[in-house]
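In case you want the letters, here they are:
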Amino acid sequence: MKINFASDNYAGVAPEMLRAIENANSGTVPAYGSDPYTQSMQDKFKAVFGETARAYPVFNGTGANVVALGSVLRPYETVVCAEKAHIQVDECGAPEHILRVKLELISTKDQKITPEQIREKLVRRGDIHYAQARVVSITNSTEYGTVYTAAEIRAIADVCHENGLYLHCDGSRISNAAASLNTSFRAITTDAGVDFLSFGATKNGALAVEAVVFLNPTLGLDFEFHRKQNLQLSSKMRFSSAQLDCFLDESYWRKHASHANRMAERLEQGLKQVRGFELTQKRQANAIFGTLPQAVIERLQQKFVFYVWNELTNEVRLMTSFQTTESDVEAFLSALKT
Ligand SMILES: Cc1ncc(COP(=O)(O)O)c(C=O)c1O
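Residues numbered from 1 in each chain as written. Predicted model: local features only at pLDDT ≥ 70, side-chain atom pairs only at ≥ 80, totals over all residues.

Student: Teacher, can you tell me more about the environment of Ser241 here?
Tutor: Assignment of secondary structure puts Ser241 in helix 10 (residues 237–247). Once the C-alpha coordinates of Ser241 and Ile156 are considered, the two residues, 85 residues apart in sequence, prove to be 31 Å apart. When near neighbours in sequence (up to four residues on either side) are disregarded, Ser241 contacts Tyr37, Thr38, Met41 and Pro57. (Helix = DSSP H or I, 4+ residues; strand = E, 2+ residues; numbered from the N terminus. Contact = placed C-beta atoms within 7 Å.)

Below you can see the structure in the form of structure tokens.
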């Protein structure tokens, strides 16, 4: 089997998550979230994110993003995001197809958008001919493996709130972001002014579960209807909730995300010694972007699986996960040298 540097989604399920599922598998409990595991998970989200947090399990990240945005937007409102945001390039047009919303794109080299760029989008406010920006969506860690700091998020949130917009965070890899910054989930969400969050668990070892988390108490009050109507309501929710409950322990999420980040750092250090390798993004979490000669890429792909991100420039993405081992990293680096 080829060694995986393609995606953290290629990894299996962490043993703690399987144990959480197993532990929840006794007897019968009410369905659709009226069970004690879901209550306990909701209490845990409040303890971790603050008293206002309300968490709703969903099946996947695309579902989390689309249903979360749909619960906040009116039909004539738009989402401002980076031009390579997952909601723009990797959700098969689901926001447009399901929500029928317009995304307003910001060009950026590192996938991080700035308060100034957001201000430039806030034109023709109140003009009935022009769709009105209502949400800014950022991704942390970003699709290019870079990380927004708490201060950067706060500055974005301030522009949003001064102009009547809400701040959404696609936190598909929020564990990697928090581990990279050596900070808490709360510091880069609730305390930084994020209004609602797609909380990622699957990429850091969970099985088929993410959560939509409302931090702003005025939002998402009818979210449960949106979730059901958009096919994201789990009948046997206890198994999703039990995983999220366990996931929220620092001893779980930080351990696994820090490991993934550390493996990426080690890989990056080795790659920097290789002639012909050029880093194209700052590595801050568990993804490395850089260019390699095409012949080297083709040789490596015989033993390793990873994405060629840009065929024109021979840019590749190497991604680590909680399952990446030091010997995987060593194998890649020594294959590069031969
Ligand atoms: C930034 C980001 N957001 C969201 C997702 C969630 O996608 P999925 O619907 O595959 O769970 C991904 C998955 O790759 C992602 O990279």
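Student: Would you mind going over the sheet that holds strand 3 (residues 77–82) with me for this structure?
Tutor: Backbone hydrogen bonds hold the strands of a sheet together, and the pairing may be parallel or antiparallel. Strand order in the open sheet made by the seven strands is 2-8-7-6-5-3-4, with mixed pairing throughout. In this open sheet, the two strands that pair with only one neighbour each are strand 2 (54–58) and strand 4 (102–106). Geometrically, the sheet is characterised by an average inter-axis angle of 25° between neighbouring strands, direction not taken into account. As paired strands, strand 7 (residues 196–199) and strand 8 (residues 210–214) are joined by four bridges and run antiparallel to one another. Note that in strand 8 the partner of Leu197 across the bridge is Val213. (Pairing = 2+ DSSP bridges. Axes fitted to C-alpha atoms, helices over the stretch in contact; angles between N-to-C directions.)

Student: I'm lost on the domain arrangement of the chain in this one. Help?
Tutor: Many descriptions give the size of an interface as the accessible area lost when the pieces come together. You can read the domains of the chain as domain 1 (3–9 + 257–337) and domain 2 (15–250). For domain 1 versus domain 2, the distance between C-alpha centres works out to 28 Å. Opposite the 16 residues of domain 1 that make contact, domain 2 presents 15 residues. At the level of elements, helix 11 (250–272) and strand 10 (287–291) are the ones that each hand at least two residues to the side of domain 1 that touches domain 2. With four residues, helix 11 is the largest single contributor of residues to the side of domain 1 that touches domain 2. (Domains from an automatic or database assignment.)

Student: Looking at this structure, I do not really get the environment of Ser7. What am I missing?
Tutor: Tracing the backbone shows Ser7 in the loop between strand 1 (3–4) and helix 1 (15–23). Look at Ser7 and you get partly exposed, because 17 C-beta atoms sit within 10 Å. Distance in space between the C-alpha atoms of Ser7 and Glu83 is 21 Å, their sequence separation being 76 residues. (Buried ≥ 20, exposed ≤ 12 C-beta atoms within 10 Å, placed from the backbone.)

Student: Teacher, can you tell me more about the packing of helix 8 (residues 174–181) against helix 11 here?
Tutor: The relative placement of two packed helices is expressed as an angle between their axes plus a distance between the axes. Put simply, helix 8 and helix 11 touch, their axes get as near as 8 Å, and they point 80° apart. By the angle class used here, helix 8 and helix 11 are roughly perpendicular. On the side of helix 8, the interface is formed by Ser175, Asn176, Ala179 and Ser180, while helix 11 contributes Trp253, Arg254, Ala257, Ser258, Ala260 and Asn261. Looking at the contact of helix 8 with helix 11, its residues break down into four nonpolar, five polar and one charged. (Parallel < 35°, antiparallel > 145°, perpendicular 65-115°, else oblique. Nonpolar A, V, L, I, M, F, W, Y, C, P; charged D, E, K, R; others polar.)

Student: Would you mind going over the nonpolar core with me for this structure?
Tutor: Here is a general trend for soluble globular proteins: nonpolar side chains tend to be buried in one another's company. By size, the foremost hydrophobic cluster in this structure holds 93 residues, and its most contacted members are Leu69, Val136, Ile156, Phe196, Ala211, Val212 and Val213. The element best represented in this core is helix 11, accounting for eight residues. Of the residues that make up this core, three or more belong to each of domain 1 (3–9 + 257–337) and domain 2 (15–250). Among residues more than four places away in sequence, those in contact with Phe196 are Ala68, Val72, Tyr166, His168, Val212, Val213, Phe214, Leu215, Asn216, Leu219 and Gly220. (Core = buried A, V, L, I, M, F, W, Y, C linked by C-beta atoms within 7 Å.)

Student: Is there a simple way to explain the site of the ligand in this structure?
Tutor: Residues in contact with the ligand, as listed here, are Asn60, Gly61, Thr62, His86, Thr139, Glu143, Asp170, Ser172 and Thr202. Looking at the shell around the ligand residue by residue, the classes come out as no nonpolar, seven polar and two charged. (Near = placed C-beta within 6 Å.)

Student: How should the pairing of strand 8 be read in this particular structure?
Tutor: Along a regular strand, successive side chains alternate from one face of the sheet to the other. Extensive coverage of strand 8 is indicated by the burial of five of its five residues. Covered by surrounding structure in strand 8 are Glu210, Val212 and Phe214 together with Ala211 and Val213, the residues of both alternating faces. Pairing of strand 2 with strand 8 involves five bridges; the strand directions are antiparallel. The residue of strand 8 that forms the bridge with Val58 is Glu210.

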